[in-house]
Amino acid sequence: QFARACEVRLGGALAATGKYTSYGEQVRNGWTLWAERLNEQGGLNLPSGRCTIAMPLDLRDDQSSAALSSEILEAMLNVSSAEYAGLDFVLGPASSGITLGNSIVAERHQRILFSTGASETLYNRGNEYIFSSLTPGNKYMSSGLELLRSRGAETVVFAHEAKSFSASVCRGANATAFSLGMRVAGYYEYEPGKTNFADLVYQIKALDADVYVGCGHLNDVTYLIGNANVLNVNPSALLVTHASDQRIIQNVGIQNSHGLLSPTQWDKSLDVQDDDGFFGGAEDFFGMYQARFGAPPAYQAAYSAAMGYSLQKAIESAGSLDTEAVKAALWNLSLKSFYGLLEYSAPGDASGLVGTQPRRPMVTTQILNGSVGVVAPAEAATADLEYPLPTWAEKALLLYPCPQGTVEDGFAADGSIQCSACDAGMYRDRFLLSCSPCPPGSFADSPGTATCQKCPPTTRSASPSASRSCAQCPAGTLCPSGTSEPLPCPLGHFCLAGRELPTPCMNGTRRSEEGGSSPDDCVLCAPGSYNAQVGRSVCSQCPEGWFTAAAGQLECSMCPRGSFAGNTGSSACTACDDAGPLGSTTENIASSDLSDCRCPDGAYLPVAGESCRPCPEGMSCTFGSNEEGVGELGEAWPVARPGFMTRTTAPLLVFKCLLEEHCPGGECQDGECRVQTCAPYRDPAAVACGRCAEGAYQSGQQCHPCKDGVDALPLVFATLLVLGALSAVTLAVNRDMIHQTRWAVGMMVSLTCMFAAIQTTTIYLSLNMSWSEPLASLMKGLTLLTFDLSHLK
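Residues numbered from 1 in each chain as written. Predicted model: local features only at pLDDT ≥ 70, side-chain atom pairs only at ≥ 80, totals over all residues. Heavy atoms only, no water.

1. Re the packing of helix α7 (residues 218-230) against helix α8 (residues 246-257)
How two helices pack is summed up by the angle between their axes together with the distance between the axes. For the record, the criterion: Only the stretch in contact is used when a helix axis is fitted, and all axes are lines through C-alpha atoms; the angle between N-to-C directions ranges over 0 to 180 degrees. Helix and strand assignments come from DSSP, with helices taken as H or I runs of at least 4 residues and strands as E runs of at least 2, each series counted from the N terminus. Our angle categories are set so that under 35 degrees counts as roughly parallel, over 145 as roughly antiparallel, 65 to 115 as roughly perpendicular, and the remainder as oblique. Each helix crossing is assigned a hand: it is left-handed if the near helix lies turned anticlockwise from the far helix by less than a right angle, otherwise right-handed if that turn is clockwise. In what follows, a contact means two residues having at least one pair of non-hydrogen atoms within 4.5 Å. Each residue is assigned to one of three groups, with Ala, Val, Leu, Ile, Met, Phe, Trp, Tyr, Cys and Pro labelled nonpolar, Asp, Glu, Lys and Arg labelled charged, and all others, Gly among them, labelled polar.
Where α7 meets α8, the axes come as close as 9 Å, and the angle between the chain directions of the two elements is 20 degrees. In terms of orientation, α7 and α8 fall into the roughly parallel class. Between α7 and α8 the crossing geometry is left-handed. Contacts from Leu218, Val221, Thr222, Ile225 and Asn229 of α7 reach α8 at Arg247, Ile248, Asn251, Val252 and Asn256. A class-by-class count of the residues in the contact of α7 with α8 yields 5 nonpolar, 4 polar and 1 charged.

Shown next, in the form of structure tokens:
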């Protein structure tokens, strides 16, 4: 036994729950294994005596939260806090992102923090109180890319999670690829927590690069492989982080993980040894860890134990626990270990990083048939690189120790692997390492199933469950093949139990909700609506001018003449007699407005009238004639027929004309009606258009416009002739009849009778007759004796 002179207190904030639980467990176990072994060997050997590590380590759960982690560490280091822990050295949290906040707290309290983060942003800030045995993230992919380039890889594509560590790894790999002369075909960043990489994988597929480099975490790799398999993306190499141990094999299976390349800080196959045999070699540490914790160590446990080993040697070299002395000893350390050479960069290092191992080479592993081997660097290689990778289809030919439908179940007496059949309701295909419940919508009715059968149409199985059979889907639902949850029957249909397809509702009906289960769920279209198609969720409204009087109609009917429907969705038409003038009707069928109701042909609507009246005698009334619209464009109103006339001041007062040609009648054309029904140049103010208008003269039965000038000579001659004749007659009449001879008296009587006869003869010119020459000219000449001088013009 050694006398104990002091006790070293180690601790900090480290995830025991949350996202980084597994990571935190490896870190805790690595430090614990080192501390327990050191204490077993008597502790630290100092000039003042032996110094042991206080156990258990004071590690408090930060729940994988950066804010909580910094808060916990601040309280542990603050002497004024109730949570003060009096730590001599700080153990860092899981992940680079959380470590950054803790390193700031430790620096402020001048305590050395041993970091688990690989992002170079932790080490390029000039913080002298942070140390890590990790190779910085920008060197992670170096040995893997160098090996692939030597095997002929020429193009590469990068994708990383939007976090500091992941970004550091891919940026460094990008620089390495450029230095090796590789062509970078694409560079992508994706949000943290992404679970569906189909969009990203689809883009990468189009680039057809030789190498895909993924910088993320274990879940990212799991989802990425699944999407790449489904989309049949087959790069020649997949180089990803966090795929160097059995966890990824358990997640995606032996076949899908085959050929994955991954950088790692450490592997049990490395040919390295401690200077003093504290742990021995890498294989020795692997065995010690597995014996203590019952599971193989991940590299996080190895580098945590290596940092403990570094602290042990630095304290013994400094001869005390003084922070500044230990810090200087760590910078000067050059220590061979089970983890490899441990050398920490001091301020002023050419790398620009402080407290890490910028020149330490990373190990690259490859998974081959479920086993992890080192392929780079060459001096550490335990396996040959497989490049290019087989396709996903080719990987499917790789053999699992047991046939599909069975799983490993220990060893038989002869040492061979024993296989057991999966129970009914379970299955195992070539992508699984254990039996699994049938996926939703499928079943396995017998043991030893490799692939579950899809539930047949009209049946389902709930999820997740070890289904041995499928249940009948209820009415009102649909269950295609492979259904886990019934789908509601679609709109416009009903679904009978046991039917594979929905039945459409008949035309004239509708179904406006999902889940119809019988024909009775289809509702008849209401009056005023119709449906000409099957499988409809709504009925259409009848348009204006149309109607349906009964429910369940396939089409609408047009409103008959004499009625109208002014709204959509009408179940009846309104009669013109009910809403408009009595006796009114419509010109066409399917009328849609009250204004379409008008008086029919042969009738008109008087001013302020409530019913149509027969058209006045001698007038013509077309459809829609309206007394109120007389003289207005666009309106129909009563007009005189040929041989009749009306006046503007009294358009319905009708006069019958002596001659039809004097009164041609009114007319309506292009929406314009003419009231003035006299022939050209006849006076409309004269009854029956009986005289010529002012400025016109009558010739026969027609009026003509007067010319500008008149020849006065015929008029003077005619006047003198008439006056002379009248004078002669007067003298003759007034002479003493006693003194007149019988001959003279007879002559005068004869002339008088002839003159009267000629005047009577000219009356025939007013008749609507055609006179032939020379009789026509003679008749015109005789008009002088009636004092008609128009023919002298």
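2. Observations concerning the pattern of salt bridges
Note the threshold: Take a side-chain nitrogen of Lys or Arg and a carboxyl oxygen of Asp or Glu: if they are within 4 Å of each other, that pair is a salt bridge. Only protein chains enter the area calculation, which uses a 1.4 Å probe; residues under 20% of their type maximum are buried, those over 50% are exposed, and those in between are partly exposed.
Inspection of the entire model under this criterion finds 11 salt bridges. One salt bridge connects Glu74 with Arg108, and the closest N-O pair in it is separated by 2.4 Å. Of the two residues, Glu74 is situated in helix α2 (residues 66-77) and Arg108 in helix α3 (residues 96-108); the sequence distance between them amounts to 34 residues. Owing to a relative accessible area of 21%, Glu74 belongs among the partly exposed residues under this scheme. Asp199 is the salt-bridge partner of Lys194, the closest N and O atoms lying 3.3 Å from each other. Several salt bridges share partner residues, and in doing so they unite Asp58, Arg60 and Glu83 into one network.

3. A look at the sheet that holds strand β6 (residues 89-91)
Condition: Criterion used throughout: strands pair if DSSP finds at least two bridges between them.
The sheet built from 5 strands is open, its strands ordered β5-β2-β6-β7-β8 with parallel pairing. Because the sheet does not close on itself, it has two edges, and the strands there are β5 (58-60) and β8 (130-131). Note that strand β7 (residues 113-114) and β8 share 2 bridges and pair parallel. Pairing of Phe114 across the sheet is with Phe131, part of β8.

4. Section: the side chain of Ser337
Using the following cut-off: Contacts described as polar in this section are N or O atom pairs within 3.5 Å, which, within protein, must combine one atom able to donate a hydrogen with one able to accept it, while residues neighboring in sequence count only if both atoms come from side chains.
Inspection of the secondary structure puts Ser337 in the loop between α11 (323-331) and β14 (363-368). Polar contacts involving the side chain of Ser337 include one to the main-chain carbonyl oxygen of Gly340, which spans 2.7 Å. Once residues lying within four places of it in the same chain are set aside, the contact partners of Ser337 are Val272, Gln273, Asp274, Tyr309 and Leu342.

5. Thoughts on the packing of aromatic side chains
Inclusion rule: In this scheme Phe, Tyr and Trp rings, the latter by its six-membered ring, pair at centre separations within 6.5 Å, and the angle between planes marks the pair as stacked below 30 degrees, edge-to-face above 60, and tilted otherwise. Either the NZ atom of lysine or the CZ atom of arginine qualifies as a charge over a ring when it sits within 6 Å of the ring centre and within 35 degrees of the ring normal.
This model, assessed by the stated rule, comprises 19 aromatic pairs. Their ring planes at 85 degrees and their centres at 5.8 Å tell us that Trp31 and Trp34 sit as a pair that is edge-to-face. One end of the pair is Trp31 and the other is Trp34, both in helix α1 (residues 21-40) and 3 residues apart, which spans about a single turn. As far as burial versus exposure is concerned, Trp31 and Trp34 are alike and both buried. Aromatic pair Phe285 and Tyr289: ring centres 6.3 Å apart, planes at 40 degrees, arrangement tilted. With Phe285 and Tyr289 both in helix α9 (residues 282-293) and 4 residues apart, this pair spans about one turn of that helix. The pair Phe285 / Tyr289 is uniform in exposure class, with both members buried. Taking NZ or CZ as reference, Arg37 lies 5.9 Å from the ring centre of Phe278, over its face. When the ring centre of Tyr129 is taken as reference, the NZ or CZ atom of Lys327 above it lies at 4.0 Å.

6. Describing the state of the cysteines
Under the convention used in this document: Here, the term disulfide refers to a pair of cysteine sulfur atoms separated by no more than 2.5 Å.
Overall, the coordinates contain 18 disulfides when judged by the stated rule. Between the sulfur of Cys402 and that of Cys419 lies a disulfide, 1.9 Å long from S to S. Because the sign of the S-S torsion sets the handedness, a value of about -85 degrees for the bond joining Cys402 and Cys419 places this disulfide among the left-handed ones. Separated by 17 residues along the polypeptide, Cys402 in the loop between α12 (392-395) and β16 (406-411) and Cys419 in strand β17 (residues 417-421) bring together distant segments of the chain. The exposure class of Cys402 is buried, given its relative accessible area of 3%.

7. So, the nonpolar core
Heads up, the rule is: What we call a nonpolar core is a set of buried Ala, Val, Leu, Ile, Met, Phe, Trp, Tyr and Cys residues that are connected through their side-chain atoms within 4.5 Å.
Ranked by size, the top nonpolar core spans 86 residues in total, and within it Leu10, Trp34, Val213 and Trp266 carry the most contacts. Ignoring any residue separated from it by four or fewer positions in sequence, one finds Trp266 in contact with Ala282, Phe285, Phe286, Pro297, Tyr299, Ala302, Phe338 and Tyr339. Membership of the second largest hydrophobic core comes to 26 residues, among which are Leu218, Ile225, Ala228 and Val240.

8. A look at unusual backbone geometry
Here the amide bond leading from Met55 into Pro56 is cis, since omega sits at -5 degrees, within 30 degrees of zero. Tracing the backbone through its elements, the reader meets Pro56 in the loop between β4 (49-53) and β5. Along the chain, Ala376 connects to Pro377 via a cis peptide bond; the corresponding omega equals 0 degrees. On the secondary structure map, Pro377 appears in the loop between β15 (371-376) and α12.

9. Some thoughts on empty space enclosed by the protein
Vacant regions in the atomic arrangement are exposed by a probe of water-molecule size rolled over the atoms. This is how the line gets drawn: Note on definitions: the grid is 1 Å and covers protein atoms alone; a cavity is a set of points where a 1.4 Å probe fits but cannot get out; a pocket is an open set with protein on both sides within 12 Å along at least five of seven lines; lining residues have an atom within 4 Å of a point. Grid points are joined across faces, edges and corners, and a volume is the space filled by probe spheres set on the points.
Enumeration over the complete set of coordinates arrives at 3 cavities of 30 Å³ or more. Empty space within the largest cavity amounts to approximately 60 Å³. Lining of the largest cavity is provided by Ala159, Tyr190, Phe197, Tyr212, Gly214, Cys215, Gly216, Asp220, Val221, Leu224 and Val240. Those elements that provide at least two residues to the lining of the largest cavity are β11 (211-215) and α7. Taken together, the residues that form the lining of the largest cavity break down as 8 nonpolar, 2 polar and 1 charged.

10. Looking at the packing of α2 against α3
Look at α2 against α3: their axes get within 8 Å of each other, and the N-to-C directions meet at 20 degrees. Here α3 runs roughly parallel to α2, going by the angle between their axes. Pair α2 / α3 crosses with right-handed handedness. When α2 is examined against α3, the residues Ala66, Ser69, Ser70, Leu73, Glu74 and Leu77 are found in contact with a partner set consisting of Ile98, Gly101, Asn102, Val105, Ala106 and Arg108. In the contact of α2 with α3, the residues fall into 6 nonpolar, 4 polar and 2 charged.

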